Amino acid sequence: MARIDALAKVTGTAAYAADVAILERVAVAIPVTSSRCRCRIAIDDTEALKLPGVLTIVTYANAPRLRMASAFAGSELGMLAPLQDDRVTYAGQCVAIVVASDMAQAEAAAAALRIDHLDGESDVLVTLGAASRRDEADYAEESRCGPSPDSDGGGLVVVDEVYLTAPAHHNPMEPGSVIAKWDEEGSLLVRAPVQWAEMAALTLAQVFGLGPVDSLPGTIARVAGIPLAHRRVRVEPTLAGGSFGRNNSELFLVLAAMAAKTAGRPVALHLSRQDTFTLMPYRAETRSRIVLAADRSGRLASLDASLDVAMGAVGGFAEPTGEGMASLYACPKVSIYNRKTRLDLNAPGWMRAPGLAPGLFALETAMDELAGALRVDPLDLRLKNYAEKDPATGRHWTSKSLRRCYEVGAAAAGWTERGTLPTGANRLIGHGMASAYHPNRQFPGSAAVALFPDGRVRVGTAVAELGQGATTAVALLAAETLGVPLDAVDVAFDELGGLPAGPAFGSAGTLSNGAAVIDAAQRVKDRLRRSLRRDPKSMHYELDDIDLVNGRVVSGAGQETLVDALSRLDAAIEARVTRGRAAWLRRRPSAAFGAVFASVEVDPATGEVQVSKIVGAYACGRVVDPAVLRGQLAGGIVWGIGQALMERTYPDPRSGMWINRDLGEALVPTHADVPDVEVILVEEDDGANHRSGIKGGGEIGVVGTAAAIVNAIYDATGLRIRSLPIRPEDVAGPLRDRSGNRPLARGGKPDDP
Ligand code: MOS
């Protein structure tokens, strides 16, 4: 099946926000950022303003005054409004916006701005390690949850290790552009690649003081299903060239709206790749100490997690690394201790599989270590501790097919035969596995479905097409429910006059919007049946068995095309519904699960790790579109490879600026790094959660993959590496030290650990 957005994208006719800006000849705005943190700035724009084409330069001297937002996603807008005074908090902070007729003029003016950084910073902290060495009294925020672990370790096998993950940036293909336009009445229209248009509109309304619910905490209102539409702010999502959580941040929208307001005309703000490293969020550094205790049979006795995460100098977001830790295994005692530390960096934010990607890397590597200490197969250890109910709540899952994922994944990966596979010539070969988990969520969503006399169907919903296939997924649900072919369905973004709009995040998009689409389509179908049944001129008059099948109306009386049946109607049949308002009240835990198996080849001389195969088996409820879901899962696995072996951004301890802020030096996996990836979809029906049976599958592919690779490297080399990403020198150095000049035994492992 073809993706609805595919043809326009591969032929280059799809218009992203920057394309729209060029087509509409909108003035160009670019941000200018500070090069240092914790200082003051003085800006002289006299020369820059004289340059040709310059329309205005926004600085703290002339910027619109802003209010704080009850910012969703913990973005910095809850603590720091841009361009309000001469203080600079983090390096890469926006200190000016240049607006000009074209990009070259804007860049020339930006270069001509004279910016002095005053009262230079000292004692800049950019890593958790450095922060822990400093007095923490007023620096760390602490919380503790769960019972204390039993101190009695008698007879138990214990693993107590620390796992580190590096900061990394999302780096989707599209850096990000926003078109902002104010009208004479002071209403704002923003077009941008956002993930949740409704919350973006709310935040803009708050920041510019435009709405009646400016002070209402948006997320609370949203969860309660209160409509938040602002007649004075409209946000229209454009196509996005990837996002991965990043475009939940609203700072770039606010900057564009400020520029348009100051310039007194529509502008398109364009971020450079460099800008995105500090004006967009990233995944912050984490440090997770995991203590696992099990009895000799392998049954878990306790899990203690002490989780350190880095925050930015501003913003409320902290990577939720404890997510899922208490839910994955049946363990009688779980204690999770969180500590957040502010660093002199810009604010981190949501990145694909937030919390789970680093947190379950730690837990799933620790489980492998425990299996080693117990001398049991890592898969057997997981099965021994299989959680039939959700240990965190004690309730039954709405559905759980993890056991099946283990079975089919292990079979496809050749897990049980792995010890007998031939060793490559000069390569060390190893195999590892891990479990994957992602909670299933539903947010309120709305849809309007209309069936027109010509047989075409229009689906209006808050679809945000980030490249994940959302448009195709909701179109399929409408087509399937109505019994019409997919190509009869048009999907359009529609805010539906302020009804709650589903977001594209949290692996929740298909269910959140889809639940409303399904019910609206069902209503349309029911109304059509009713009108045919009541119509004396219809062949289906007074029949109860009328159905729509593949664009035809079928009943005991015979069949006709939908267009023929509709020809007696003069108007479209339309229904609009909101669903999921109270979904958060559901009491049964619901989650997607998976099992991932990795094989690696390690070159002991250079330390190069080549992932040779990954098999991921996932149970994410009913599969709506296998191609869309496979794409998400395989893409997530590629993220996991990057997390394990490549992705890391380095903050400069002198300036607080990211050093490798470009795609030349911030490495991400490319085709040559990605092996044979096999995604197995384990179908299940999650009807106990929502009768559509749908669960989210957007992010779980990231989860567990890094641990499976790390565990495979251990299997190959005997080296246990607990810090990501793993560089060749992390492997080659220790192997050289350990082996001296002796050749390595097979698998690189000492005979008796
Ligand atoms: Mo995604 S990180 O849940 O926006």
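Every chain begins its residue count from 1, and numbering advances along the sequence as written. Per-residue local features of the predicted model are confined to residues with pLDDT of at least 70, and side-chain atom pairs are confined, for both listing and counting, to 80 or more; whole-chain, interface and lining totals are unaffected and use all residues. Derived side-chain values reflect all non-hydrogen atoms in the structure, with water molecules and hydrogen atoms excluded from consideration.

A. Expanded view of the environment of Gln468. Here Gln468 lies in the loop between strand E20 (457-461) and helix H13 (470-482). Placed 225 residues apart in sequence, Gln468 and Ser243 show a C-alpha to C-alpha distance of 9.4 Å. For Gln468, the contacting residues outside a window of four places in its chain are Arg3, Ala504, Val628 and Gln632. For the purposes of these results, a polar contact is taken to be a pair of N or O atoms within 3.5 Å, where, inside protein, one atom must be able to donate a hydrogen and its partner to accept one; residues adjacent in sequence count only when each atom of the pair is a side-chain atom. A distance of 3.2 Å separates a polar atom in the side chain of Gln468 from the backbone oxygen of Ala464. Here the side chain of Gln468 touches Leu466 through a polar contact of 2.8 Å, landing on its backbone nitrogen. Helix and strand labels come from DSSP, where a helix needs a run of H or I of at least four residues and a strand needs a run of E of at least two; each type is numbered from the N terminus. Any two residues having at least one pair of non-hydrogen atoms within 4.5 Å are treated as being in contact.

B. Highlighting the pairing of strand E8 (residues 157-165). Any two strands between which DSSP finds at least two bridges are classified as paired. In this sheet, strand E15 (residues 286-294) lies alongside E8 in antiparallel orientation, the contact comprising nine bridges. Bridge pairing in E15 links Val158 to Ala293. Of the strand pairs in this sheet, E8 and strand E29 (residues 723-724) are connected by two bridges, and their pairing is parallel. From the neighbouring strand, Thr165 faces E29, where its bridge partner is Leu724.

C. Just the sheet that holds strand E23 (residues 552-555), in detail. Strand order across the open sheet formed by three strands is E22-E23-E24, with antiparallel pairing between neighbours. Pairing within the sheet leaves two strands with one partner each, and these edge strands are strand E22 (547-549) and strand E24 (558-561). Here the strands of the sheet are splayed against their neighbours by 30° on average, with no regard to which way each runs. Bridging between E23 and E24 involves four bridges; their strand directions are antiparallel. Bridge pairing in E24 links Val554 to Gln559. Only the stretch in contact is used when fitting a helix axis, every axis being a line fitted to C-alpha atoms; angles between N-to-C directions are given from 0 to 180 degrees.

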